[in-house]
Amino acid sequence: MKLQELFGIELPIIQAPMAGAQGSALAVAASSAGALGSLPCAMLGPDAMRAELTAIRAQSRKPFNVNFFCHVPPTADAAREAAWRAVLSPYFSQYGIDAAAIPAGPGRTPFNAAAADLLEEFKPAVVSFHFGLPSAGLLLRVRAWGSKILSSATTLEEARWLEAQGVDAIIAQGVEAGGHRGHFLSDDLSAQLGIFALLPQIARQVKVPVIAAGGIADARGVAAAMALGAAGVQVGTAYLLCPEATTSAAHRAALKSEAARHTALTNLFTGRPARGIVNRLMRELGPMSSAAPAFPLASAAIAPLRAKAESQGSGDFSPLWSGQNASGCKEIPAAQLTRELAARL
Ligand SMILES: Cc1cc2nc3c(=O)[nH]c(=O)nc-3n(C[C@H](O)[C@H](O)[C@H](O)COP(=O)(O)O)c2cc1C
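These notes cover the structure that comes with them.

Right, let's talk about the site of the ligand for a bit. Surrounding the ligand, one finds 22 residues, the nearest of these being N67, G215, Q234, G236 and T237. Here an oxygen atom of the ligand sits 2.5 Å away from a polar atom, N or O, in the side chain of T237. Counting only elements with at least two residues in the shell around the ligand, the list comes to β3 (64–69) and β9 (232–235). Residue composition of the shell around the ligand, grouped by class: 11 nonpolar, 11 polar and no charged.

The relation between two aromatic rings is expressed through the spacing of the ring centres and the mutual angle of the planes. All chains considered together, the criterion is met by 10 aromatic pairs. Relative to F129, the ring of F111 has its centre 5.3 Å away and its plane inclined at 65°; by these criteria the two rings are edge-to-face. With a gap of 18 residues between them, F111 in the loop between α4 (78–95) and α5 (113–122) and F129 in strand β4 (residues 126–130) connect regions that are remote in the sequence. For the pair shown, F111 and F129 are each scored as buried. Ring centres of F131 and F295 lie 5.3 Å apart, and the angle between their planes is 80°; on these two criteria the pair is classed as edge-to-face. Remark: F295 occurs in the loop between α11 (280–285) and α12 (298–311) and F131 occurs in the loop between β4 and α6 (136–144); sequence separation between them is 164 residues. Overall, F131 belongs to the buried group, its relative accessible area being 5%. By relative accessible area, F295 is classed as buried at 7%. Pairwise contacts between aromatic rings join F68, F111 and F129 into one cluster.

You can see S322 is positioned in the loop between α12 and α13 (334–341). Judged by relative accessible area, S322 falls into the buried class, the value being 0%. S322 has contacts with G178, G179, T237, L255, T263, R275, G276 and I277, leaving out every residue within four places of it along the chain.

Pairs can form between side chains of opposite charge whenever their charged atoms are close. Summed over the entire model, instances satisfying the criterion amount to 10 salt bridges. Across the pair R85 and E81 runs a salt bridge, and its minimum N-O distance is 2.8 Å. Residue R85 and its partner E81 are located together in helix α4, separated by four residues, close to a single helical turn. You'll find R85 and E81 in the same group, each marked buried. With its nearest N and O atoms 3.1 Å apart, the salt bridge here joins R306 to E310. With a gap of four residues between them, R306 and E310 both fall in helix α12, about one helical turn apart. Residue E310 is classed as partly exposed on the basis of its relative accessible area of 25%. Three or more residues are tied together by salt bridges with common partners; here these are D117, E120 and R141.

Now for the environment of I149. Secondary-structure assignment places I149 in strand β5 (residues 148–153). Apart from residues no more than four positions distant in its own chain, I149 is found in contact with V127, F129, L133, L139, V142, R143, V167, D168 and A169.

On to the side chain of H71, then. Residue position: H71 is located in the loop between β3 and α4. Relative accessible area serves as the criterion here: at 9%, H71 is assigned to the buried category. A polar side-chain atom of H71 sits 3.2 Å from the main-chain carbonyl oxygen of R108. Excluding anything up to four places from it in sequence, H71 contacts R108, T109, P110, F131, F295 and P296.

Cut-offs used in this document
Residues numbered from 1 in each chain as written. Predicted model: local features only at pLDDT ≥ 70, side-chain atom pairs only at ≥ 80, totals over all residues. Heavy atoms only, no water. Near = heavy atom within 4 Å. Polar contact = N/O pair within 3.5 Å; in protein donor to acceptor, adjacent residues only side chain to side chain. Helix = DSSP H or I, 4+ residues; strand = E, 2+ residues; numbered from the N terminus. Nonpolar A, V, L, I, M, F, W, Y, C, P; charged D, E, K, R; others polar. Phe/Tyr/Trp six-rings, centres within 6.5 Å; stacked < 30°, edge-to-face > 60°. Buried < 20%, exposed > 50% of the residue type's maximum accessible area, 1.4 Å probe, protein only. Contact = heavy atoms within 4.5 Å. Salt bridge = Lys/Arg side-chain N within 4 Å of Asp/Glu carboxyl O.

Here is the structure:
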């Protein structure tokens, strides 16, 4: 079935959910141009989530996607946290931060029963997950109220697994993609493939529609993905400079600079590999470090460093999430960018 029919949209384009870099405004703008706009909820508490969902409903009658992480929260490990803070201590000294006063915090909450209760009031057309799927019980609830279900696969094995769980479509996330890797069956990063290797393999092996994500930044990229068997595309990085995105000043500056040509997978900011523009913290500690606590615990100790540095106009300690191809980032309204992406369909 065509993606447009499956979701009730006009263009086979999904504006990728990007936690920390956008909210309802970008979702509404992308939807207004006929794409599927997305609301990322990984970093939203219940009140913020309700406010954002209400804002979308107030401004748009179009279908939209609501996105969640679905990791298993780790048990806190005091020794590991202390070791992590010791690694960061020279930076705390530089910025005059009292490491003992930094609160430990979960940072990102996975999809749970409370989020399902709230979501049920809104019954979005699509719900997408990152890092696999939630429990069978929670998934059943989402399916019961009628939302279509999506999740990311980074390998053929993950795509087959997702199809067996009954997802309505699969996002093939190439290793070029910005933000967190969606892998959930294996932590082996050498198993992560580029989109032109991953997409045709998945498209040949599964029956559900496959959506290509990673490095797609213009109309030619969209057309190329469709030629390789994609039913649609999910585009993230290209939207980050749109005025409707909430991308920070430091992040915008990095995306517009030469620095954006060098990205890497790093676990320093959250504890899970994610792709971002290489900055001071990544150069000096990683980009991958065994000292970083399990996802999402690593983020708590970084937060005050990030805040101090950003207040001085520096992105040295910020997660500057970006895909390998930032060449499509434009400071134009998201509806216009969406129409440009669709120009060769
Ligand atoms: C700033 C940023 C934040 C992201 N946050 C999320 C998220 O909250 N949930 C999610 O499923 N994917 C997230 N992603 C990954 C996207 O869904 C998608 O895989 C990626 O943007 C596609 O590659 P591209 O960035 O090269 O277009 C994020 C990506 C970026 C760039």
